[in-house]
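# Chain and residue survey
What follows is the residue order along each chain.
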Amino acid sequence: MIQTGYRHFKNKELNHSRITAGYFIVLFVSLALVARLFVLMILQHDFYAVVASGAQEMYAQLFPRRGQTRVIDARNGQEYPAAINRDVFLMYADTRQITTDAMASSTAVALSSFFSYDEEYVAGLYAKLNKRSDPYEPIEKKVDEITAAEIKKLKLPGLYFSRHSERFYPEASFAAQVIGFLGKDDIGTESGRYGVEGYWQNELGGSGGFQEGAQSAGGSWIAGDDGTLRPATDGADIILTIDRTLQFEGCEKLKSGMEEYGAASASMVIMDPKTGAVLAMCSAPDFDLNSYNQVNNPEMFNNSAIFTPYEPGSIFKPIVMAGALNENVVGPASPFRDNGRRDGICDQPIQNAGNKSFGDQTMTGVLQNSINTGMVYVAESLGKDKFKEYLKKFGFGVKTGIELDTETTGVIDSLNINKSGKFDCYTATAAFGQGITVTPLQITNAFAAIANGGALMRPYIVKEIRYSDGKVNKTKPQVINEVLDKKAAGLLAGMLVKTVDKGYSGRARVPGYFVAGKSGTAEIAGRGGYTKTYNHSFIGFAPIDDPKFVMFVKYEKPLAAYAESTAAPVFGKMAKFILEYFQVPPERPVDDK
């Protein structure tokens, strides 16, 4: 009896231990499951959500969206797309499902109505579709969504579509050299080239994500395997200072003039002198950004406003005069007697255009009549060292730092050939824009300083950058240098108004406004000397009391003789448009000269 009771007690104790152990096992398993669910549902939610959603969302999570580029309306800030992404479809055929000649023929004919195939192309397409053994036969690479939907309605046998994103430029050649394009290298990798697309590649391109995890032999994700996901970071959107209306109107007028004057190329820059913001920047000839690979001459991709330095000629004279006025070595009424030539500085006499002689003049007359010998006198009065100092203050010889790909710098190294401070031939010819080079943007920014009361601003073309995380970087106008005092800048502006009113630059006038400006006709240097071909340019600003713009216009090798008959009238037409566009009221009688 005692033994039986003992065994009963032992069995009861053993059962209790088993129950306790089972309880802890169940608790442990439950906690493990809860922990696993926490990892899966909370910590690794993104990863498994992507795995569950299929390849399309997986692609979106791992490959970033490229940022857009937009231009604006400078009057109200409204934005317009210049570079965007759009979905297109690759259409391909699984010819194994096209089982008869009749099916191949009817499919080829049906597709020809969408893509305007000729008979020869339809015959070739029929041969492709009639292979019967090819699971993947590409038909069209860029089918838009509407066309793809219409083709799908026909339920043609063996046709399939694969969606992918491509870079698209809604306005084709609009600001082509400014915007740049998305190109492919030798191994097919896409990256930005030229302009905004090239300079801001890292910001526009964003950064790719990554995933880690095990896959089955069939390529699918193993649900029980740990996985991690870092989603892609989409590219930033770039908002430019380019005004859509001014860009379009300015470039159209520039190209029209290029055709009329038979010029080889042309460029234009329009800038807000108070901020340094670039409102328009044109290079001609241009090209369709959506068909950049059809351009035969890759030099067309270069933005001539920042890439192509040239000898500026007489538009450089006001820069030299500015330094002399600021140093008080001359004034607007300071006298000068011109006999048509200056000897003893260079190996050959320095002469005026057309070998003209102007007799008794003032400094205003020197600019008004574009007298080379007068400018040599001004530079000599300023002195070689001061001359070089002002050129550097105005930003010549270095890049402006504009946020565009392929900017180069002009060259003023000829001023350093003679190491002494003695006034020499290189300084004398530079006084009228010969023997040195500048880019259109450099000279535009220098004139903007004159219009801005002597303050040289940093030119910029990006208004703001909007990052995918909500952060926004806005460009703030920045003063680089106080080149001139306001008195000197004002005196020079008045001299340049008289140059437009009464000088060679009269065709740049805008009735009802005081316009300051200067034309320049510069012989183009080549191997062994000058070539008897010319660059014509004009630069100016208006209205004189409160300048709304500074504008540069240039034509390469036009058939006309002088810039006052090419660049000056184009400037005048566009200046009139800008003043009306910004609703600037007239400041003088229309017939006042």
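Everything in this summary refers to the structure shown in the same document.

Cut-off values and rules
Residues numbered from 1 in each chain as written. Predicted model: local features only at pLDDT ≥ 70, side-chain atom pairs only at ≥ 80, totals over all residues. Heavy atoms only, no water. Salt bridge = Lys/Arg side-chain N within 4 Å of Asp/Glu carboxyl O. Helix = DSSP H or I, 4+ residues; strand = E, 2+ residues; numbered from the N terminus. Buried < 20%, exposed > 50% of the residue type's maximum accessible area, 1.4 Å probe, protein only. Core = buried A, V, L, I, M, F, W, Y, C linked by side-chain atoms within 4.5 Å. Contact = heavy atoms within 4.5 Å.

### Observations concerning the pattern of salt bridges
Tallying each qualifying case throughout the model produces 33 salt bridges. Of the charged contacts, one joins Asp-237 and Arg-70 as a salt bridge, the two residues approaching to 3.6 Å between their closest N and O atoms. Linking Asp-237 in strand β9 (residues 237-243) with Arg-70 in strand β1 (residues 69-72), this pair joins segments that are 167 residues apart in sequence. Take Asp-237: its relative accessible area is 12%, and that puts it in the buried class. Here Arg-70 falls in the buried class, since its relative accessible area comes to 17%. Across the salt bridge formed by Lys-253 and Glu-249, the nearest N and O atoms sit 2.5 Å from each other. With Lys-253 and Glu-249 both in helix α10 (residues 244-261) and four residues apart, the pair spans about one turn of that helix. What you see here is one network of salt bridges that share partners, running through Arg-65, Arg-70, Glu-79, Asp-237, Glu-464 and Arg-466.

### Focus on helix α12 (residues 317-326)
Of all 10 residues making up α12, 10 are buried, and the element is well covered by its neighbours. Taken as a whole, α12 has its buried residues at Lys-317, Pro-318, Ile-319, Val-320, Met-321, Ala-322, Gly-323, Ala-324, Leu-325 and Asn-326. Trailing α12 by a residue or two, Asn-328 shows a phi angle of about 60°, which is positive.

### Overview of the nonpolar core
Residues Met-321, Phe-394, Phe-396, Ile-443 and Phe-541 are the most contacted members of the largest nonpolar core, which totals 95 residues. Top contributing element to this core by residue count: helix α17 (residues 440-451), with eight residues. Beyond its immediate chain neighbours, meaning those up to four positions away, Ile-443 contacts Ile-315, Phe-316, Ile-319, Phe-396, Val-438, Ile-539 and Phe-552.

All quantities given are derived from atomic positions and should not be read as evidence of function.
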